[in-house]
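# Structural description and commentary
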Amino acid sequence: MPQLQPGEKRKFADLGLSSPLTVTVQHGLDGLDISAFGLSAERKMAGDDYIAFYNNPRTPQGEITAQLSAGQASFTVDLAKLPPNIERVMFTATHDALPVARAPQLLVTLGEVSFDAKPSLKEEKAAMLLELYKHSGEWRVGAVGQGFNGGLGDLIVYFGGEVEQATAAPAPAPAAASAAPISLKKQAQVKLDKQIAEQAPQLISLVKQAEVSLKKRGLDEHTARVALVLDISASMDKLYRQGVVQRVAEKTLALASRFDDDGQMDVFLFGLKAHDAGEIGIEGLAGAIDKLIKRHPLEGGTMYARAMQEVRTHYFGSAKPRKSPLLQPTPVYVIFITDGETFDKRESEAQMKEVSSEPIFWKFVGVGKEKFEFLQKLDDMPGRYIDNADFVQVQDIDQVADGELYELLLQEYDAYLVNARRQGLLS
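The present account deals with the structure reproduced in this document. (Residues numbered from 1 in each chain as written. Predicted model: local features only at pLDDT ≥ 70, side-chain atom pairs only at ≥ 80, totals over all residues. Heavy atoms only, no water.)

### Quick look at the sheet that holds strand E13 (residues 225-231)
- On the basis of which strands lie adjacent, the open sheet formed by six strands has the order E15-E14-E13-E16-E17-E18 and mixed pairing. With one partner strand each, in any of the chains shown, strand E15 (274-281) and strand E18 (389-394) form the two edges of the open sheet. Pairs of neighbouring strands in the sheet enclose a mean axial angle of 20°, with direction left out of account.
- The sheet contact formed by strand E16 (residues 332-338) and strand E17 (residues 360-367) spans seven bridges and is parallel. Each residue of the ladder has a partner; that of Ile-337, found in E17, is Val-365.
- Against the sheet, helix H8 (residues 304-316) engages E13, strand E14 (264-270), E15, E16 and E17, with an angle of about 145° to E14.
- Where helix H10 (residues 373-380) meets the sheet, its contacts fall on E16, E17 and E18, and the angle it forms with E18 comes to roughly 150°. (Pairing = 2+ DSSP bridges. Helix = DSSP H or I, 4+ residues; strand = E, 2+ residues; numbered from the N terminus. Axes fitted to C-alpha atoms, helices over the stretch in contact; angles between N-to-C directions. Contact = heavy atoms within 4.5 Å.)

Right, here's the structure in full:
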């Protein structure tokens, strides 16, 4: 029986799956509620009618039906019947009082495929276990294993729903002597926030949006090094001239300010060549991209592999194949922006396999109307040490709300971190 790993994504065809199909969750914990949410492509709720759970075991047209019993939940899913606005079915677990991981098991099976979600969870009272999702016209399965400390409320908010807040008397303020100490990272970020307010106030709202998305994933105390990798092929000219890339850099720096406390991010440029372009920080942020392009004019081609080699050399000292996985205390989170396919596909595939044994996550962002079939191939590519990438396409990045953009940028990163620790890439 094929066993999926956290963060792994596979096509139905590769796993011998077809619709209709049955998804079963075996858990053995009294009071644990298993549900199936029908969601949009952006993981937003389609309405209360499209949640199959104990109080609504059947969606309107019978697309999803639930059979719930003590210790087990079984769902029959007919994907062909789902309305066009539903492109994901997420299976979740919640408990009112106990962490989901207290269940004796959290084994999800569909056909001959299984996923053990329990090792990915700790003290969370709500968790996304596994999802079925549609991509490029075909259905796939993704092993998720991500939890929410706040329980069902945080899960509903993550899916774009609203949670009624109970009215209660405010709790008395704790005595000053018993106040929890502020971490060193938080203290440093307080100073950084003051610098942002004084030197780059346009980042204030962006930072708040980034914090919301990070907190949802339990990453509000997470530390990572952040790299922005920018395509400087000639086709990107309009995006640079219109200031779109500058705005992307500002949004990325806002996220980087929550991952680290130095107010800096590393920038790499690639066309036919690759360039380690130094850092962009809070100080001097205005016009920073224009200055980079003056130093490194646009080039007449696109080479992904050279950019990957430059990034690997910067952080790990070499871009050569490794005989064993590289263990590090801090991961590297890369946002890779391009508007077109690469000339060096074979070399790029080789780099993706080699870099998978290093603690670095690649968020590929395709900008524009290109099909980006190769970036999707890198996202799904077999033969890697772990799944170390995710691809999203944004036709017009200026039209995406900041909160939605951060959701896209962080998608799958938390699952990667869990797997990277398990596989000996992060200490």
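### Concerning the pattern of salt bridges
- Tallied over the entire structure, the rule returns 23 salt bridges.
- A salt bridge links Asp-402 to Lys-251, with the nearest nitrogen and oxygen atoms 3.3 Å apart. Highlighted residues: Asp-402 in helix H11 (residues 402-410) and Lys-251 in helix H6 (residues 244-259), separated in sequence by 151 residues.
- Measuring nitrogen to oxygen at the nearest pair gives 2.9 Å for the salt bridge that ties Glu-349 to Lys-377. Of the two residues, Glu-349 is situated in helix H9 (residues 345-355) and Lys-377 in helix H10; the sequence distance between them amounts to 28 residues.
- Glu-349 sits in the partly exposed class, given a relative accessible area of 21%.
- Taken together, the shared-partner salt bridges connect Lys-9, Lys-363, Asp-379, Asp-390 and Glu-412 into one network. (Salt bridge = Lys/Arg side-chain N within 4 Å of Asp/Glu carboxyl O. Buried < 20%, exposed > 50% of the residue type's maximum accessible area, 1.4 Å probe, protein only.)

### Comments concerning the side chain of Gln-246
- Take Gln-246: it is sitting in helix H6.
- What Gln-246 contacts, discounting residues up to four positions off in sequence, is Leu-285, Ala-286, Gly-287, Ala-288 and Ile-289.

### Side note on the pairing of E13
- Among the seven residues of E13, six are classified as buried, and the element is accordingly described as predominantly covered.
- Alignment of E13 against E16, held across six bridges, turns out to be parallel. When the bridges of E16 are listed, Ala-227 appears paired with Val-334.
- Where E13 and E14 come together, five bridges link them in parallel fashion. The residue bridging Leu-228 from the neighbouring strand is Val-267, located in E14.

### What to know about the nonpolar core
- By size, the foremost hydrophobic cluster in this structure holds 59 residues, and its most contacted members are Tyr-333 and Tyr-413.
- Looking at this core element by element, the count peaks at nine residues for H6.
- Other than its neighbours up to four places away in sequence, Tyr-333 contacts Arg-225, Val-226, Ala-227, Leu-255, Phe-259, Phe-361, Lys-363, Leu-409, Leu-410 and Tyr-413. (Core = buried A, V, L, I, M, F, W, Y, C linked by side-chain atoms within 4.5 Å.)

### Notes on the packing of H6 against H11
- In contact at an axis separation of 11 Å, H6 and H11 are set at 60° when each is read in the N-to-C sense. Relative to H11, the element H6 lies oblique. For the pair H6 and H11, the crossing hand works out as right-handed. Along its contact with H6, which presents Lys-251, Ala-254, Leu-255 and Phe-259, the element H11 presents Asp-402, Leu-405, Tyr-406 and Leu-410. (Parallel < 35°, antiparallel > 145°, perpendicular 65-115°, else oblique. Left-handed = near helix turned anticlockwise from the far one by under 90°.)

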